[in-house]
Amino acid sequence: MTSESAARRVLVFDSGLGGLTVYAPIAAARPDVELLYVADDAYFPYGDLSERALVERVVALMTDLVAQGRPDLVVIACNTASTLVLGPLRARFPELPFVGTVPAIKPAALASRSKLVSVLATPGTVARDYTRGLIREFAGDCAVTLVGSARLARLAERELRGEYVDAAEIAAEIAPCFVEQGGRHTDQIVLACTHFPLLAQKLAAASPWRVEFVDPAPAIARRVATLLGPVGSGRPGQAGQAHFTSGAPVSAPLQKALLARGLTISSLP
Ligand code: DGL
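So, a few notes on the structure that sits alongside this text. Numbering of residues starts from 1 in each chain and follows the order in which that chain's sequence is written. For this predicted model, a pLDDT threshold of at least 70 governs which residues receive local features, and a threshold of 80 or more governs which side-chain atom pairs are given and counted, while totals over whole chains, interfaces and linings are taken from all residues. Hydrogens and water molecules were not included; the side-chain quantities draw on all heavy atoms of the structure.

**Points about the overall build of the protein**
Here comes step 1: Elements are defined by DSSP. Helices are runs of H or I of four residues or more, strands are runs of E of two residues or more, and each kind is numbered from the N terminus. When you go through the protein residue by residue, the secondary structure sums to eleven helices and twelve strands.
Here comes step 2: Its C-alpha atoms give the protein a radius of gyration of 18 Å, within 12% of the compact-globule value 18 Å for 269 residues.
Here comes step 3: Seen through its principal axes, the protein has C-alpha atoms that stretch 70 × 40 × 35 Å.
Here comes step 4: Exposure is judged per residue with a 1.4 Å probe applied to protein chains only, and the accessible area is read against the type maximum: over 50% gives exposed, under 20% gives buried, and values in between give partly exposed. Across the 269 residues of the protein, 51% fall into the buried class. Throughout, the radius of gyration refers to the C-alpha atoms, and the reference size of a globule is 2.2 Å times the residue count to the power 0.38.

Below you can see the structure in the form of structure tokens.
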């Protein structure tokens, strides 16, 4: 017998590789937990799915993942899913804590001096009532520009796979975020898709003027750590497991990028 309590298990979930931007600070903050990263790449990109198809897919897949992985906590590291599916997931699994990723409109509005704020997201997240509700509630004193990019999440996947990404294409996708009005300029851009911080350097380089790109991942990691409670002694520093629902072969550059984040490829436990 050992007095050591079993490691807690956390499932970090996204449509693809974007959730790695949330996974990394969680892994750094909590080396004591067992981490499983699941990319539903069979259905990527979620931003193109109808709301009904997305709810059905995520609830059905999560039912399998919870049964197989038995997590103590689930992080939906995807704005496109969180802004729609958190309610149905919490109803389906009332005992299981879910932490979502939703557009960081509140901190951006608070930090903005020009009061011109943009929200860069997938077309799905831009269309959600949830997103519009956040703007009404937290950004009443700002002019908020919603920009739905159909391409940027794909470009971020290419970047992480070490493939060529055209800077001009990025510049074209983010151009509508940069608003000039009566001598004021947009000063905060909410990265409301977990894929976008993968392009951080290229986004900064493609910006016509300096802005703050708001990435909520550190705040999400802090929330996860709080919910998990005091750091335990179970399995410190173990590699996390990454699972891809498509079952497609993982290229060497992607394997390298996963390893750099402390992840090895697995089939589900
Ligand atoms: N990473 C997802 C998000 O945060 C979206 C990518 C997709 O369209 O699947 O919204």
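**Concerning the site of the ligand**
Here comes step 1: Distances are taken per atom, and a residue is near a molecule or strand as soon as one of its heavy atoms is within 4 Å of it. Lining the immediate environment of the ligand, one finds 14 residues, of which Ser15, Tyr46, Thr80, Thr194 and His195 sit closest.
Here comes step 2: By the criterion applied in these results, polar contacts are pairs of N or O atoms within 3.5 Å in which, for protein atoms, one can donate a hydrogen and the other can accept it, and in which residues neighboring in sequence qualify only through two side-chain atoms. In this structure, an oxygen atom belonging to the ligand sits 2.6 Å away from a side-chain N or O atom of Ser15.
Here comes step 3: Take Thr194: an N or O atom from its main chain is 2.8 Å from an oxygen atom of the ligand.
Here comes step 4: Here the open area of atoms and residues is found with the Shrake-Rupley method and a 1.4 Å probe, where only the protein chains shown may cover a residue. In isolation the ligand has 300 Å² of accessible area, and contact with the protein removes 99% of it.
Here comes step 5: The classification used treats Ala, Val, Leu, Ile, Met, Phe, Trp, Tyr, Cys and Pro as nonpolar, Asp, Glu, Lys and Arg as charged, and all other residues, Gly among them, as polar. When grouped by side-chain class, the residues that make up the shell around the ligand number six nonpolar, seven polar and one charged.

**Concerning the sheet that holds strand β3 (residues 73-76)**
Here comes step 1: For two strands to be treated as a pair, DSSP must find at least two bridges joining them. In space, the six strands of this open sheet follow the order β4-β3-β1-β2-β11-β12, with parallel pairing throughout. Each end of this open sheet is capped by a strand with a single partner; those strands are β4 (98-99) and β12 (263-265).
Here comes step 2: Here strand β1 (residues 9-14) runs beside β3; their pairing, made up of four bridges, is parallel. Paired with Val10 across the two strands is Leu73, which belongs to β3.
Here comes step 3: Contact criterion: two residues are considered in contact whenever any of their non-hydrogen atoms come within 4.5 Å of each other. Angles shown run from 0 to 180 degrees and are taken between the N-to-C directions of axes, each axis being a line fitted to C-alpha atoms and, for helices, limited to the stretch in contact. In the packing of helix α1 (residues 20-29) onto the sheet, the strands contacted are β1, β2 (34-39), β3, β11 (240-244) and β12, and the crossing angle to β2 comes to about 175 degrees.
Here comes step 4: Running at roughly 140 degrees to β12, helix α11 (residues 252-260) makes contact with β11 and β12 of the sheet.

**What to know about the nonpolar core**
Here comes step 1: Formed by 49 residues in total, the largest nonpolar core has its most connected members in Val12, Val75, Leu120, Leu152 and Leu203.
Here comes step 2: Discounting residues that sit within four places of it in the chain, Val12 has contacts with Gly19, Tyr23, Ile26, Leu35, Leu36, Tyr37, Val38, Val75 and Ala77.
Here comes step 3: By size, the runner-up hydrophobic cluster in this structure holds 23 residues, among which are Tyr46, Val58, Ala81 and Leu84. The set of buried Ala, Val, Leu, Ile, Met, Phe, Trp, Tyr and Cys residues whose side-chain atoms join them within 4.5 Å is what this entry labels a nonpolar core.

**A word on the packing of aromatic side chains**
Aromatic ring pairs: the centre-centre distance and the angle between the two ring planes describe each pair.
Here comes step 1: Pairing of aromatic rings covers Phe, Tyr and Trp, the last through its six-membered ring, and needs centres within 6.5 Å; plane angles under 30 degrees mean stacked, over 60 mean edge-to-face, and all others mean tilted. Enumeration over the complete set of coordinates arrives at four aromatic pairs.
Here comes step 2: When the centroid spacing of 6.0 Å and the interplanar angle of 85 degrees are considered together, the rings of Tyr23 and Tyr37 count as edge-to-face. Here Tyr23, found in helix α1, pairs with Tyr37, found in strand β2; they are 14 residues apart in sequence, far enough to count as distant.
Here comes step 3: Residue classification places Tyr37 among the buried residues on the basis of a relative accessible area of 0%.
Here comes step 4: When the ring of Phe93 is compared with that of Phe98, the centres are 6.0 Å apart and the planes differ by 45 degrees; the resulting orientation is tilted. Both residues of the pair, Phe93 and Phe98, count as buried.
Here comes step 5: Consider the ring centre and the ring normal. A charge sits over the ring if Lys NZ or Arg CZ is within 6 Å of that centre and within 35 degrees of that normal. Lying across the ring of Phe93, Arg92 places its NZ or CZ 4.8 Å from the centre.

**Regarding the packing of α1 against helix α10 (residues 217-228)**
Here comes step 1: Contact geometry for α1 and α10: axes closest at 8 Å, N-to-C directions at 50 degrees. Relative to α10, the element α1 is oriented oblique. Handedness of the α1/α10 crossing: right-handed. Contacts from Thr21, Val22, Pro25 and Ile26 of α1 reach α10 at Ala217, Ile220, Ala221 and Val224.
Here comes step 2: Its residues assigned to classes, the contact of α1 with α10 comprises seven nonpolar, one polar and no charged. Here the angle decides the label: under 35 degrees means roughly parallel, over 145 means roughly antiparallel, 65 to 115 means roughly perpendicular, and every other value means oblique. Should the near helix be turned anticlockwise from the far one by less than a right angle, the crossing is termed left-handed; should it be turned clockwise, right-handed.

**Looking at the sheet that holds strand β6 (residues 143-148)**
Note: strands within a sheet are paired through backbone hydrogen bonds, in either parallel or antiparallel orientation.
Here comes step 1: The strand order across the open sheet formed by four strands is β6-β5-β9-β10, and the pairing between neighbours is parallel. The two strands at the open ends of the sheet, each matched to only one other strand, are β6 and β10 (212-214). Strand-to-strand twist of the sheet, defined as the mean angle between neighbouring strand axes without regard to direction, takes the value 25 degrees.
Here comes step 2: In the sheet, strand β9 (residues 188-191) pairs with β10 via three bridges, with the strands oriented parallel. Within β10, the residue paired with Ile189 across the bridge is Phe213.

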